[in-house]
Amino acid sequence: MRKTKTMLIAAIVAACMMASCGKGGFKVEGCITEAADSILYLENLALDGPQVVDSARLGADGTFTLTTDAPKETPEFYRLRIARQIINFCVDSTQVVTVNASYPTMASNYTIDGGADNQKIKELSLKQMELQATANQVLRAPDLGAKAVTDSIKKIVEAYKQDVMTNYIYKEPMKAYSYFALFQGIAVGNSYMMVFDPRRDIDDVKPFSAVATCWDTYHPNSLRCQNLHNIAIEAMKTRRILKAESEGIMVDADKVTEANLIDITLPDNKGVKRSLTDLTGKVVLLDFHAFSADGSQARILALREIYNKYHDRGLEIYQVSLDEDDHFWKTQTAALPWISVRDDRGASNVYLYQANTLPVDYIINRDNQVVMGPQQIKDLEADIAKYL
């Protein structure tokens, strides 16, 4: 009788644990071979550093099940770790992530189920390992002096950045793997070098801002999104302060502010370079458009009505054309009263703003901040009027 009662209690506890995992948590399960007696850690990659949320000592068969509470915000980032061998992954809507690996090469020799983002994170992790190996070869080269080593590492890191920006970040900046890519780095001697570092290279603000802008749409008000904006803003503030100091001007850092938008600078239909950041103080409709597309004429007429109605109250339209024919574009825009520019660099700015279809609109407030994207805009005129 006592045995039956004990089994019943155990079954109830197990059922409660399963229910808890299904409703308010997730689990990571699988098998890591050749790791008997090793401690496997599940760590949350929080903004203030890795935090252990569960752990297990592996048996001879290598099977494991680790659980933790569901993240407050998604996507969220985690890693499995044995000593210095690490498997990175993210958790979004899935409740179970399955990992199979072989130690001591589990960082490169593993399979993972639990979403397409995790496959991309694996690709990026393997690329990062290749980058580290290449950097190590440069550091060990006996015939290279210090300057040659520095220049060589800078060159291979720059090539890596271009690859990752083109094929990952700008391709799908709203994805978790693009966020993950922003925080990769390599060890160089006794220091750790971030691949993307806006404090070191101001051009790195663009990939941070590209991901942040998309996360504003897909993950509004998330802490990670705010962190991306903060990194970009602080880097631009530092650049402005250093530039001012180089000119003999002392600047109070607390008074330096920057927009949380991705700046665009392109020549208009009269050949004058026009920048979004020059429009601070106005409410701006950023409009990606193709005059050769069906419905363009009706679209332009609708924008004319909005512009004529609200321009005197502070509205400006910054229209980016994706038309290939420069002469055609200039003909179509000659009589338009707003700012008309054309992106002739392979639609690079379209990728930054994740404009997958045309037309696409963003509303920028008087502080030069993107406040609404295509997912939030329901009534263009009414939404513009809210910020005037």
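Nothing here was measured: the structure is a model prediction, and the numbers come from that model.

Asks: When you look at the overall build of the protein in this model, what are you seeing that I'm missing?
Replies: Along its length, the protein carries ten helices and 17 strands. Out of the 388 residues in the protein, the part that is buried amounts to 45%. Expressed as a percentage of contacts within the protein between residues at least 6 apart in sequence, the contacts between residues at least 24 apart total 60%. Of the roughly 20400 Å² of accessible surface on the protein, 52% is carried by carbon and sulfur atoms.

Asks: Help me understand helix 2 (residues 116–140), please; the structure alone is not making it clear to me.
Replies: Since there are 3.6 residues in each turn of an α-helix, residues three or four apart along the chain are aligned in direction. With 25 residues, helix 2 should cover 36 Å at 1.5 Å per step; its first-to-last C-alpha distance of 37 Å lies within 8% of that length. Looking at helix 2, one finds that the buried residues are Asp117, Asn118, Ile121, Lys122, Leu124, Ser125, Gln128, Leu131, Gln132, Ala135 and Val138.

Asks: Just to check I follow, could you spell out unusual backbone geometry for this structure?
Replies: For residues that are not glycine, phi is negative in most cases, and the peptide bond is trans in most cases. With an omega dihedral of 0 degrees, the bond running from Thr74 to Pro75 counts as a cis peptide bond. Topologically, Pro75 is positioned in the loop between strand 4 (63–69) and strand 5 (76–82). In this structure, Pro104 follows Tyr103 across a cis peptide bond, with omega equal to 15 degrees. One can find Pro104 in the loop between strand 7 (96–102) and strand 8 (110–113). If you check the backbone angles, Asp37 has positive phi at about 75 degrees while not being a glycine. Here Asp37 shows up in the loop between strand 1 (25–33) and strand 2 (39–46). Overall, the relative accessible area of 56% leaves Asp37 in the exposed class.

Asks: Looking at this model, I keep getting lost on the nonpolar core. Mind explaining?
Replies: In terms of nonpolar packing, the biggest core is built from 35 residues, with Phe77, Leu124, Val164, Ile169, Phe196, Val211 and Leu228 touching the most fellow members. Listed by contribution, the elements that provide at least two residues to this core are helix 2, helix 3 (146–169), helix 4 (176–181), strand 9 (185–188), helix 5 (205–218) and helix 6 (223–246). Examining the composition of this core, we find that eight residues originate from one element, helix 3, more than from any other.

Asks: Would you explain the confidence of the model for the protein in this entry?
Replies: Low pLDDT marks regions whose predicted coordinates should not be analysed in detail. A residue-level look at the protein finds 84% of positions with pLDDT of 70 or above and a mean pLDDT of 85. Of the regions scoring below 50 in pLDDT, residues 1–23 engages in five contacts with residues more than four places distant in sequence or in other chains. Taken together, the stretch residues 255–259 has pLDDT below 50 and engages in 13 contacts with residues farther than four places along the chain or on a different chain.

Asks: Could you clarify how one ought to interpret the pattern of salt bridges in this entry?
Replies: Counted according to the given criterion, the structure contains 18 salt bridges. Two residues, Glu29 and Lys27, come together in a salt bridge whose shortest N-O distance is 3.5 Å. For the salt bridge of Asp326 with Lys330, the shortest nitrogen-to-oxygen distance reads 3.5 Å. With a gap of four residues between them, Asp326 and Lys330 both fall in helix 8 (residues 326–333), about one helical turn apart. Of the residues examined, Lys330 reaches a relative accessible area of 38% and is grouped as partly exposed. Among the charged side chains, a network of salt bridges with common partners joins Glu158, Lys161, Asp201 and Asp204.

Calculation criteria
- Residues numbered from 1 in each chain as written.
- Predicted model: local features only at pLDDT ≥ 70, side-chain atom pairs only at ≥ 80, totals over all residues.
- Heavy atoms only, no water.
- Helix = DSSP H or I, 4+ residues; strand = E, 2+ residues; numbered from the N terminus.
- Buried < 20%, exposed > 50% of the residue type's maximum accessible area, 1.4 Å probe, protein only.
- Contact = heavy atoms within 4.5 Å.
- Areas by Shrake-Rupley, 256 points an atom, 1.4 Å probe, with all protein chains shown as cover.
- Expected span 1.5 Å × (residues − 1).
- Core = buried A, V, L, I, M, F, W, Y, C linked by side-chain atoms within 4.5 Å.
- pLDDT = per-residue confidence, 0-100.
- Salt bridge = Lys/Arg side-chain N within 4 Å of Asp/Glu carboxyl O.

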